[in-house]
Amino acid sequence: MTGTPVTLNTEWLSDCSGCHIAIVDLHEKILSVLDAVTIQRCPVLTDVKDYPHATVGLVSGAIRNTHDREAAEKMRECCDLVIAWGSCAVFGGPAGAGNVHTPEELADAVYLHNKTTVSAPTPQRGVSPLEALVSPLDQAIEVDLYLPGCPPHPAFVFDALLALVEGRTPKATQESVCGHCTRQMRKTDADTLVSDASGAADPERCFLSQGCLCMGSVTIDRCLSPCPQNGVPCTGCSGATMQVLSEPNRDIRTEIAERMARLTKIPREAIIKEIERTSKSHYSYTMATRMIGTKPTFHIKRWIDDADQDHEGAKYERR
Ligand code: SF4
Ligand code: SF4
Ligand code: SF4
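Residues numbered from 1 in each chain as written. Chains lettered and ligands numbered in written order. Predicted model: local features only at pLDDT ≥ 70, side-chain atom pairs only at ≥ 80, totals over all residues. Heavy atoms only, no water.

Trainee: I keep staring at the site of ligand 2 and nothing clicks. Help me out?
Mentor: As a structural note, the neighbourhood of ligand 2 is formed by C178, C181, R183, M185, C206, F207, L208, C214, G216 and P228. Taken together, the residues of the shell around ligand 2 break down into 8 nonpolar, 1 polar and 1 charged. (Near = heavy atom within 4 Å. Nonpolar A, V, L, I, M, F, W, Y, C, P; charged D, E, K, R; others polar.)

What follows is the structure, given as structure tokens:
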């Protein structure tokens, strides 16, 4: 691709728009990209509704409804290379957490039983029908390159765009979030789980060593680890590491539980139970990808039912 003019189309499917806004975070670096790339279609920058031919297509967002699927297919037809851009496109992202409910349950919760708006029938016209399940982009069209992150750090976006201009492979590594985190994993006497970061006060010690769940060790680094460095445990928004994705019996909850049990005095089983209880949060970014959703170790509906029963039991005991 070196020496030839690069044209770029972008499209967003079901997402929060954060990946597109991340282009702005390139600041003046965007000028070096614009020198070599002509942006033709980009929902936040241009008012181009059709799909001109382009060398590269960046697609953010998951396939949630019929419109998403059609837009993804149009991008595939008009772009020589398609990049799945951001965790929604690569793994399904937060929208994937909807897969534990049917489309009817979701519509009911939004339109009929929404606690903050007046009940209304689900609109039948002008709204694209939901598909049965949320899917990552590569379950709808062929994808040439994956750029996870929520959104990917501007350094990775810049490198990916420059790599395309220069005709090379992007420099992305397989390191986990722990790779850039400066907190130290040390064995401690912690014997109870703490539910938030305020219970893990030592800023130099790994959250896991302090009994606080952090997903850094099972999450691919596409962000340069800002959260644990600023006092917040990682919630896994960049998506799982290749090790967790590709090995059938490695799983987010067992990996974290084993590591935390080695670093503390908290029993492994108690940690697993807590991750299952909060599984909608811990698997929210990646559960829509088959690499997680079809693992023999992944039983989210059972975990949610068990958590609901425990909750009901606790309410009963309190009466
Ligand atoms: S990956 Fe994150 S930032 Fe990008 S669109 Fe999805 S939710 Fe938004
Ligand atoms: S588990 Fe979290 S706090 Fe511990 S080293 Fe990894 S990213 Fe840092
Ligand atoms: S939650 Fe984790 S993966 Fe997401 S930005 Fe924070 S450190 Fe990175």
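Structure's up, so let's keep going.
Trainee: Just to check I follow, could you spell out the site of ligand 1 for this structure?
Mentor: Around ligand 1 sit D15, C16, G18, C19, G86, S87, C88, P94, G149, C150 and P151, and that is every residue in its neighbourhood. Within the residue set of the shell around ligand 1, elements represented by two or more residues are α1 (18-24) and α4 (87-91). Split by residue class, the shell around ligand 1 holds 6 nonpolar, 4 polar and 1 charged. (Helix = DSSP H or I, 4+ residues; strand = E, 2+ residues; numbered from the N terminus.)

Trainee: Explain the packing of aromatic side chains here, please?
Mentor: The way to describe two aromatic rings as a pair is by their centre distance and the angle between their planes. Counted according to the given criterion, the structure contains 3 aromatic pairs. Taken together, a centroid distance of 5.1 Å and an interplanar angle of 50° make the contact between Y283 and F298 tilted. Linking Y283 in the loop between α11 (279-282) and α12 (290-293) with F298 in the loop between α12 and α13 (300-318), this pair joins segments that are 15 residues apart in sequence. Geometrically, the ring pair formed by F298 and W303 is edge-to-face, given 5.7 Å between the ring centres and 85° between the ring planes. (Phe/Tyr/Trp six-rings, centres within 6.5 Å; stacked < 30°, edge-to-face > 60°.)

Trainee: Honestly, the pattern of salt bridges in this entry has me stumped. Any pointers?
Mentor: Charged atoms that come close allow side chains of opposite charge to pair. For the structure on display, the rule yields 18 salt bridges. Across the salt bridge formed by K171 and D159, the nearest N and O atoms sit 3.9 Å from each other. Of this pair, K171 sits in the loop between α6 (154-166) and α7 (226-229) while D159 sits in helix α6; the two residues are 12 residues apart in sequence, bridging distant segments of the chain. A salt bridge links R205 to D202, with the shortest nitrogen-to-oxygen separation between them at 4.0 Å. You can call D202 partly exposed: its relative accessible area is 31%. It is possible to trace a salt-bridge network through shared partners that takes in D159, E166, R168 and K171. (Salt bridge = Lys/Arg side-chain N within 4 Å of Asp/Glu carboxyl O. Buried < 20%, exposed > 50% of the residue type's maximum accessible area, 1.4 Å probe, protein only.)

Trainee: Please explain α6 as it appears in this structure.
Mentor: Because each turn of an α-helix spans 3.6 residues, side chains separated by three or four positions end up pointing in the same direction. With 13 residues, α6 should reach 18 Å at 1.5 Å per residue; the first-to-last C-alpha distance of 18 Å fits that figure. With respect to burial, α6 is a largely interior element, 11 of its 13 residues being buried. By the burial criterion, the buried members of α6 are P154, F156, V157, F158, D159, A160, L161, L162, A163, L164 and V165. Downstream of α6 by a residue or two, G167 has a phi angle that is positive, lying close to 70°. (Expected span 1.5 Å × (residues − 1).)

Interpretation in functional terms is not warranted from these geometric data alone.
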